[in-house]
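Structural overview for review
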Amino acid sequence: MENKDKILEIRDLDISFTTDGGTVKAVRGVDLDLYRGETVAIVGESGSGKSVTTKAVMGILAGNGKINNGSIRFKTYNLTPEHLKESLENNGIVDESTLAPEEIQEIDITNSSNKFIQSEIRGRRIAMVFQDPMTSLDPTMTIGKQVMEAMRFHYKMSKKDAEKRALELLELVGITDAPKRMKNYPHQLSGGMRQRIVIAIALSCDPEILICDEPTTALDVTIQAKILELIAEIQKKKNLSVIYITHDLGVVAKVADYVNVMYAGRIIETGTVNDIFYDPRHPYTWGLLASMPDIDSLGNELYTIPGTPPNLLYDIEGDAFAPRNRFALKIDEKVAPPMFKISDTHYAATWLAALKAPKVKMPEDLHKRTQRMKKEAGLK
């Protein structure tokens, strides 16, 4: 990965929220890397910190949220009008070899003003697709106005140029009869079409990073597959970097290059999609994979992870997952495990990965499943 172009680097990110009940430590020391053109998935139960992490990247934390520590470094292009025109004409792809050193800049989002993030980052360079399109779209505005809005704000486009570009975007996301749909209101469209509109809006300013927060949860299975295919096609055309936030490991298997498993505000395992699906090392990851419905395991009871996630209002001593982990060691009660290196691409925060730890293998049923999945994928 050393020769790849890193577009986003999050280091030691710590975020808390002030509530009536006290301070919630929602994100606790998160590290994450994203490379240009690649897809990273962040998975975990509700409340694990997935959405909060990416909202910090977008600069849209709630008013009671605070970044206590860490950095979010975004490598972007400070384009001249000529390069900007070239980018818009070339599906958002920029030839980095033609840029002068001052046209490549690194921005620390955690130290940037809200005004700068709103005018230069959010929607323009980093865009987000939310879970429910009805909460993202304004019911009082036509589809056309909503697709054109960001272009007119960020690029000061004329109404005519913005309208032309909006029609192209609607066609790109598979909306038929685009001129008619431009005049429609959100309630006149199906759920799948609304989600396509939201994707068109997110792509309107040719962002370099697209964050998808549970983009298919509210849709039926056939529409889900079409939306995932659509995002993959657009990513390939535009060399987009994509972050998926999801609890659906089926989605992860289809779209991700790299996977980060989050639990109680920390990333507890990270690796390539093959590392996580075929050689998981953290007991929490074992639990997530074992709880996936599997056609070959019909008749057996579906696995559930015992217990509940910890209350992040309170300090956590030791490993946050220890009370739910039947493989927990004594040290887990006192000391949180560091990230142990499994391979050059694979790391896991579990004391079971330590050299002197007892050799504990994943549950037999899960081992059989991973081997079967590996065989079906044509891997040795």
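Up top is the structure these notes are about.
Read on for an overview of the structure. Source: prediction; values computed, not measured.

What counts and how
- Residue indices follow the written sequence of each chain, beginning from 1 at its first position.
- With the structure being a predicted model, the display of local features is reserved for residues of pLDDT at least 70 and the display and counting of side-chain atom pairs for 80 or more, all residues being used for whole-chain, interface and lining totals.
- Hydrogens and waters are ignored; side-chain quantities use all the structure's heavy atoms.
- Secondary structure elements are defined from DSSP: runs of H or I of at least 4 residues count as helices, runs of E of at least 2 residues count as strands, and each element is numbered from the N terminus.
- Taken over C-alpha atoms, the radius of gyration is set against a globule rule of 2.2 Å times the number of residues to the power 0.38.
- Under the scheme applied here, a residue whose accessible area is under 20% of the maximum for its type counts as buried, over 50% as exposed, and between as partly exposed, the area being computed with a 1.4 Å probe on protein chains only.
- To measure how exposed things are, a 1.4 Å probe is used in the Shrake-Rupley method; for residues, cover is taken only from the protein chains shown.
- We score Asp and Glu as negative and Lys and Arg as positive, and we do not count His or the chain ends.
- Note that the charge is assigned to NZ on lysines, CZ on arginines, CG on aspartates and CD on glutamates.
- To qualify as a nonpolar core, a set must consist of buried Ala, Val, Leu, Ile, Met, Phe, Trp, Tyr and Cys residues joined through side-chain atoms within 4.5 Å.
- Residue ranges assigned to each domain were obtained from an automatic or database domain assignment.
- For two strands to pair, DSSP has to find at least two bridges joining them.
- Here, two residues are considered to be in contact whenever any of their heavy atoms come within 4.5 Å of each other.
- The convention used is that axes are lines fitted to C-alpha atoms, helices contributing only their stretch in contact, and that angles between N-to-C directions extend from 0 to 180 degrees.
- We define a salt bridge as a side-chain nitrogen of Lys or Arg found within 4 Å of a carboxyl oxygen belonging to Asp or Glu.

**With respect to the overall build of the protein**
- For the protein, the helix and strand inventory stands at 13 helices and twelve strands.
- Here the protein has a C-alpha radius of gyration of 22 Å; the compact-globule value for 380 residues is 21 Å, and the two agree.
- Taking the principal axes of its C-alpha atoms as reference, the protein extends roughly 65 × 50 × 45 Å.
- Taken across its 380 residues, the protein has 47% of its residues classed as buried.
- Looking at the protein as shown, the accessible area adds up to about 19,000 Å², and 51% of this sits on carbon and sulfur atoms.
- Both charge centroids of the protein, one from 49 positive and one from 52 negative side chains, sit 2 Å from each other.

**A closer look at the nonpolar core**
- Membership of the largest hydrophobic core comes to 66 residues, with the highest contact counts inside it found for Ile199, Leu210 and Tyr244.
- The element that contributes the greatest number of residues to this core is helix α8 (residues 191-203), accounting for seven residues.
- Looking at this core, you find at least three residues from each of domain 1 (6-256) and domain 2 (263-377).

**A word on the sheet that holds strand β3 (residues 39-43)**
- The eight strands lie next to each other as β6-β7-β8-β3-β9-β10-β12-β11, forming an open sheet whose pairing is mixed. Edge positions in the sheet fall to β6 (126-129) and β11 (340-341), since each of these pairs with one other strand and no more.
- Two elements, strand β9 (residues 258-263) and strand β10 (residues 266-272), share six bridges in a ladder whose sense is antiparallel. When the sheet's bridge partners are listed, Asn260 is paired in β10 with Thr270.
- On top of the sheet, helix α1 (residues 50-58) reaches β3, β6, β7 (209-213), β8 (241-246) and β9; it is set at about 145° to β6, its chief contact.

**Observations concerning the side chain of Arg266**
- Along the chain, Arg266 turns up in strand β10.
- It is Asp319 that comes nearest to the buried, bridge-free Arg266 among opposite-charge side chains, at 5.7 Å.
- Once residues within four sequence positions are removed from consideration, Arg266 is found in contact with Arg28, Val30, Ser48, Val261, Ala336, Pro337 and Ala349.

**Considerations on the environment of Leu137**
- Mapped onto the elements, Leu137 comes out in the loop between α4 (133-136) and α5 (143-154).
- Taking C-alpha positions, Leu137 is 9.2 Å from Tyr185, a pair spaced 48 residues apart along the chain.
- Each residue touching Leu137, except ones within four places of it in the same chain, is listed here: Gln146, Pro186, Arg194, Ile197, Val198 and Ile201.

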